[in-house]
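Commentary on secondary and tertiary structure
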Amino acid sequence: MFETLEQAPPDPILGLTTAFNADPNPNKINLGVGVYKDDDGNTPVFKSVKTAEERILQVEDTKNYLTIDGDPGYGAAVQQLLFGADHEILLSERTVTVQTPGGTGALRVAGDFISKLFPDATLWLSDPTWANHPKVFDAAGVPIKTYPYYDSEANVLDFGALIEALNQVPEGDVVLLHGCCHNPTGMDPTPEQWEEIADVVQSRKFIPLVDFAYQGLGDGLDADGKGLHTLAATGCEMFVANSFSKNFGLYCERIGALTLVTSDKDAAAVAKSHVLIMIRTNYSNPPAHGSSIVATVLNDLELRAGWDAEVKEMRDRINGVRRKLVDALKTKGVKRDFSFIARQRGMFSFSGLTPEQVDKLREEYSIYVVKTGGRINVAGIRDENIDYLCDSIATVLNA
Ligand code: LMR
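Now for a description of the structure that goes with this document.

The rules behind these values
Counting starts from 1 at the beginning of each chain's written sequence and moves along it residue by residue. Per-residue local features are limited, in this predicted model, to residues with pLDDT of at least 70; the limit for side-chain atom pairs, both in listing and counting, is 80 or more; totals at the level of whole chains, interfaces and linings are taken over all residues. By convention in this description, side-chain values take in all heavy atoms of the structure and omit both hydrogens and water. A run of H or I in DSSP becomes a helix once it reaches four residues, and a run of E becomes a strand once it reaches two; helices and strands are each numbered from the N terminus. With C-alpha atoms as the basis for the radius of gyration, the globule rule is written as 2.2 Å multiplied by the number of residues raised to the power 0.38. Note on contacts: a residue pair is in contact if any heavy atoms of the two residues lie within 4.5 Å. Under this rule, positive means Lys or Arg and negative means Asp or Glu; His and the chain ends count for nothing. Every charge is mapped onto a representative atom, which is NZ of Lys, CZ of Arg, CG of Asp or CD of Glu. Throughout this document, a residue counts as near a molecule or strand when at least one of its heavy atoms sits within 4 Å of that molecule or strand. Identification of polar contacts relies on pairs of N or O atoms within 3.5 Å, with a donor-acceptor requirement for protein atoms, meaning one able to donate a hydrogen and the other able to accept it, and with residues adjacent in sequence counted only if both atoms are side-chain atoms. All accessible-area figures derive from a Shrake-Rupley calculation using a 1.4 Å probe, and residue coverage is judged against the displayed protein chains alone. The start and end points of each domain follow an automatic or database-based domain assignment. The classification of residues rests on relative accessible area computed with a 1.4 Å probe and restricted to protein chains. Under 20% of the type maximum is buried, over 50% is exposed, and intermediate values are partly exposed. Pairing between two strands requires that DSSP report at least two bridges joining them. For a crossover, the right-handed case is the one in which the path from the first strand over the helix to the second runs clockwise, viewed with the strands pointing away from the viewer.

On a plain count of helices and strands, the protein comes out with 15 helices and 13 strands. For a compact globule of 399 residues, the expected C-alpha radius of gyration is about 21 Å, and the protein comes in at 21 Å, within 12% of that figure. Along the longest, intermediate and shortest principal axes, the C-alpha atoms of the protein span 60 × 55 × 55 Å. Considering only contacts within the protein whose residues lie at least 6 apart along the sequence, 75% involve residues at least 24 apart. Side-chain charges in the protein split into 37 positive and 55 negative, and the spacing between the mean points of these groups amounts to 3 Å.

Structure follows, in structure tokens:
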């Protein structure tokens, strides 16, 4: 069996980490995978997380299975974080949240749900989008189409084209929207543009699937929910896939959630009965450690305040690095206008470097960047490496 196989390609994002780890160059910089680094180059465990873990260790008395949908205290905390504790969606109990292994797990459960129960529905992805989006939904058997999103000449959202395309989406299809910190472009709709998107959702009657993996890393935990809240205000049904990899730094704990917003309490119960089957036939039930941490932090006023401050610190550093990068590129004599980097939000910048320039950066300078759009993880840039990075970019651009 196995001798007949041909080598499969490496993952365009995680494959870079493997190549980076094997690179002996002491000046190497990994700006590939979306992992936060502080200015010392570390990805530390949050203080709020450590305290929560100490508490969990004291009180934990079993490693019994969680239920298929996960820890109910966690699910409730997720809903409150997404919508606010007294949102009509929560009070009317027309929403269901299941715990999933990361945001990717949530997307896959949503993909299985759509493909098995709504086989005629097409999923619409932004062009460009996270490299793994089409693969996850393709693996689940969901037909995929794309809608335009970004004007890479002007480095702005191509909002006119986006709205025009969404206005053609048939009723009952699913449209994936990035809740904030669009991956890979870092360019989000404005609050007014979200209102327009919500109007189209209402008139076309498609179902939004909000991928909300970066809450808190753009403009604030609440501010980043603007798009989600605007959609929710229309009363539409939707899916929300969220992740605590980035905003809790819980990458390896694989903790996220899938939330289904339905029309009423009965529909929510029925939808949940199907989601449980998708999970049981995939990974059976979720791991417990990540959800215990998140629930412990979110349900404790002091830990919650500490976590808010830690998220703010990350956000402020990322936005500061954006400004430093723009300035440093200018100082190095780069002619191209990179000021758009400071207007993008979240971990990523769609730098506009060509695939050839990305290859050159990697081969000659050991700088690892995702090929599509030259996506740079801004959070991997530090005071210590920004000079080397900008010198290398300047040389590559001028070559
Ligand atoms: C990324 O886009 O780098 C992150 O979402 C990590 C991943 O799994 O690809």
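All residues adjacent to the ligand are I13, V33, G34, W130, N183, Y214, K246, F348 and R375. At 3.0 Å, a side-chain N or O of N183 approaches an oxygen atom of the ligand. A distance of 3.2 Å is found between an oxygen atom of the ligand and a side-chain nitrogen or oxygen belonging to K246. For the ligand, whose free accessible area comes to 260 Å², the fraction covered by protein is 83%. Summarising the domain contributions, the shell around the ligand has at least three residues from each of domain 1 (11-44 + 316-398) and domain 2 (65-299).

Take the pairing of strand β8 (residues 207-212) next. Extensive coverage of β8 is indicated by the burial of six of its six residues. Residues I207, L209 and D211 point to one face of β8 and P208, V210 and F212 to the other, with burial holding for every one of them. Relative to β8, strand β7 (residues 174-178) is paired through five bridges, and the arrangement is parallel. Counted as the bridge partner of H178 is D211 from β8. Crossover handedness for the path β7 to helix α8 (residues 191-204) to β8: right-handed. Where β8 lies against strand β9 (residues 238-243), four bridges are found, and the strand directions are parallel. Pairing of L209 across the sheet is with F239, part of β9. The parallel pair β8 and β9 is bridged by helix α9 (residues 226-232), and the resulting crossover is right-handed.

None of this, on its own, says anything about what the molecule does.
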